[in-house]
Amino acid sequence: MNQDQLKQAVAQAAVDHIAPYLNQQSIIGVGTGSTANCFIDALANIKQTFDAAVASSEATAERLRSHGITVLELNAVPQMHFYVDGADESDAHLNLIKGGGGALTREKIVAAVAETFVCIADESKMVDVLGDFPLPVEVIPMARSYVALKLVGLGGEPVWRQNFITDNGNLILDVYGMSIVDPKGLEQQINQITGVVTNGLFAQRPADILLLGTAQGVKTLSR
């Protein structure tokens, strides 16, 4: 299978995984990106079995609505059963790098609320050590240069993602050259830099389940 077919396979596997637990009061959090889009398209086939969705980006909200799925603001949601999203990298402990699409802050917020975080990815995203994929860091615009200097001090090579503004009105620094052996510690360390909104390490709240698309089929990994 090619990469698109793997994404479609894990998206359907995610729908199959959550479907038995859904009811008319269920709220599903949905991530952002090409794999999440495949999940949205598959989710539309069972939209009558749950109440609504919470979107991690404006683009995701638009795609959900195009399928006739109700989208709620997170502040209006008392609880959320599942959050389903892709990843740019995952290690064996289901620590993730996310944010290639720039929606890391809202993704992290929605993931924090969900009872179960289901990550869907193809096998190219599985790595021994995180960091080959540049780590996105969302920053307040006036703090861009200051944060970049601090990230250099941590051993990274930050590059401003020019001509890109997040849904929150902020900027992204993509940090290259880091071998992330302590994802949880580095996530906390970067988030303590003044001017950082958050970074794309999902280690304080990793995925609970990883559905990994491989040539031999979809594999299920869990913490």
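Just above, that's the structure.
Residues numbered from 1 in each chain as written. Predicted model: local features only at pLDDT ≥ 70, side-chain atom pairs only at ≥ 80, totals over all residues. Heavy atoms only, no water.

Undergrad: Explanation requested: the overall build of the protein chain in the structure shown.
TA: Within the protein chain, the regular secondary structure consists of 6 helices and 13 strands. The C-alpha radius of gyration of the protein chain comes to 17 Å, within 12% of the 17 Å expected for a compact globule of 223 residues. Taken over the C-alpha atoms alone, the protein chain extends approximately 50 × 40 × 30 Å along its principal axes. The buried share of the protein chain, reckoned over its 223 residues, is 53%. Looking at the protein chain alone, contacts between residues at least 24 apart form 73% of all its contacts between residues at least 6 apart. Accessible area of the protein chain: about 10,100 Å², with a carbon and sulfur share of 48%. (Helix = DSSP H or I, 4+ residues; strand = E, 2+ residues; numbered from the N terminus. Rg over C-alpha atoms; globule rule 2.2 N^0.38 Å. Buried < 20%, exposed > 50% of the residue type's maximum accessible area, 1.4 Å probe, protein only. Contact = heavy atoms within 4.5 Å. Areas by Shrake-Rupley, 256 points an atom, 1.4 Å probe, with all protein chains shown as cover.)

Undergrad: I would appreciate a short explanation of the packing of helix 2 (residues 34-43) against helix 3 (residues 58-66) in the present structure.
TA: Helix-helix packing is characterised by the crossing angle of the two axes and by the distance between the axes. At a minimum axis separation of 10 Å, helix 2 and helix 3 run at an interaxial angle of 20°. Between helix 2 and helix 3, the angle falls in the class roughly parallel. The two elements helix 2 and helix 3 meet at a crossing, and its hand is right-handed. Taking contact as the criterion, the partners of N37, I40 and D41 in helix 2 are, on helix 3, T60, R63 and L64. Residue composition of the contact of helix 2 with helix 3, by class: 2 nonpolar, 2 polar and 2 charged. (Axes fitted to C-alpha atoms, helices over the stretch in contact; angles between N-to-C directions. Parallel < 35°, antiparallel > 145°, perpendicular 65-115°, else oblique. Left-handed = near helix turned anticlockwise from the far one by under 90°. Nonpolar A, V, L, I, M, F, W, Y, C, P; charged D, E, K, R; others polar.)

Undergrad: Teacher, can you tell me more about the pattern of salt bridges here?
TA: Oppositely charged side chains may form a pair once their charged atoms are brought near each other. Summed over all chains, the structure comprises 9 salt bridges. Linking E187 and K108 is a salt bridge whose minimum nitrogen-to-oxygen distance equals 2.9 Å. Remark: K108 occurs in helix 4 (residues 104-113) and E187 occurs in helix 6 (residues 183-191); sequence separation between them is 79 residues. Accessibility expressed as a relative area gives 4% for E187, which makes it buried. (Salt bridge = Lys/Arg side-chain N within 4 Å of Asp/Glu carboxyl O.)

Undergrad: I would appreciate a short explanation of the sheet that holds strand 4 (residues 89-90) in the present structure.
TA: Note on sheets: strands pair through backbone hydrogen bonds, and any given pair is parallel or antiparallel. On the basis of which strands lie adjacent, the open sheet formed by 3 strands has the order 4-5-11 and antiparallel pairing. Both edges of this open sheet fall to strand 4 and strand 11 (201-202), since each of them pairs with a single strand only. In the sheet, strand 5 (residues 96-97) pairs with strand 11 via 2 bridges, with the strands oriented antiparallel. In the sheet register, L96 faces strand 11, and the bridge partner there is F202. (Pairing = 2+ DSSP bridges.)

Undergrad: When you look at the layout of surface pockets in this model, what are you seeing that I'm missing?
TA: Any space left empty among the atoms is revealed by the rolling of a water-sized probe across them. Space inside the largest pocket adds up to approximately 300 Å³. Along the wall of the largest pocket there are 15 residues; nearest its centre are V54, A55, E73, L74 and R106. Of all the secondary structure elements, the ones that give two or more residues to the lining of the largest pocket are strand 2 (52-55), helix 3 and helix 4. When the residues that make up the lining of the largest pocket are grouped by side-chain class, the tally is 8 nonpolar, 3 polar and 4 charged. (1 Å grid on protein atoms, 1.4 Å probe; cavity = no way out; pocket = protein on both sides within 12 Å on 5 of 7 lines; lining within 4 Å. Points joined across faces, edges and corners; volume = space filled by probe spheres on them.)

Undergrad: I keep staring at the packing of aromatic side chains and nothing clicks. Help me out?
TA: Aromatic ring pairs are described here by two measures, namely the spacing of the ring centres and the angle between the planes. Under the defined criterion, the tally for this structure stands at 3 aromatic pairs. With 5.1 Å between their ring centres and 50° between their planes, Y83 and F117 make a pair best called tilted. Taken together, the residues Y83 in strand 3 (residues 80-85) and F117 in strand 6 (residues 114-122) connect sequence positions 34 residues apart. A network of ring pairs unites the aromatic residues Y83, F117 and F202 as a single cluster. For K98, the ring lying beneath its charged end belongs to F202, and the centroid distance is 5.5 Å. Cation over ring: K108 sits above F202, and NZ or CZ is 5.1 Å from the ring centre. (Phe/Tyr/Trp six-rings, centres within 6.5 Å; stacked < 30°, edge-to-face > 60°. Lys NZ or Arg CZ within 6 Å of the ring centre and 35° of its normal.)

Undergrad: I would appreciate a short explanation of the environment of L104 in the present structure.
TA: Within the secondary structure, L104 sits in helix 4. According to the relative accessible area criterion, L104 is buried, its value standing at 0%. When the C-alpha atoms of L104 and Y176 are compared, they prove to be 17 Å apart, with 72 residues separating the residues in sequence. Non-local contacts of L104, meaning those with residues more than four positions away in its chain, are made with K98, G99, P136, E138, I172, T198, N199, G200 and F202.

Undergrad: Can you help me understand unusual backbone geometry in this one?
TA: Excluding glycine, residues mostly carry a negative phi; peptide bonds, for their part, are mostly trans. One non-glycine residue, L94, lies in the positive phi region at around 65°. Locating L94 in the fold gives a position in the loop between strand 4 and strand 5.

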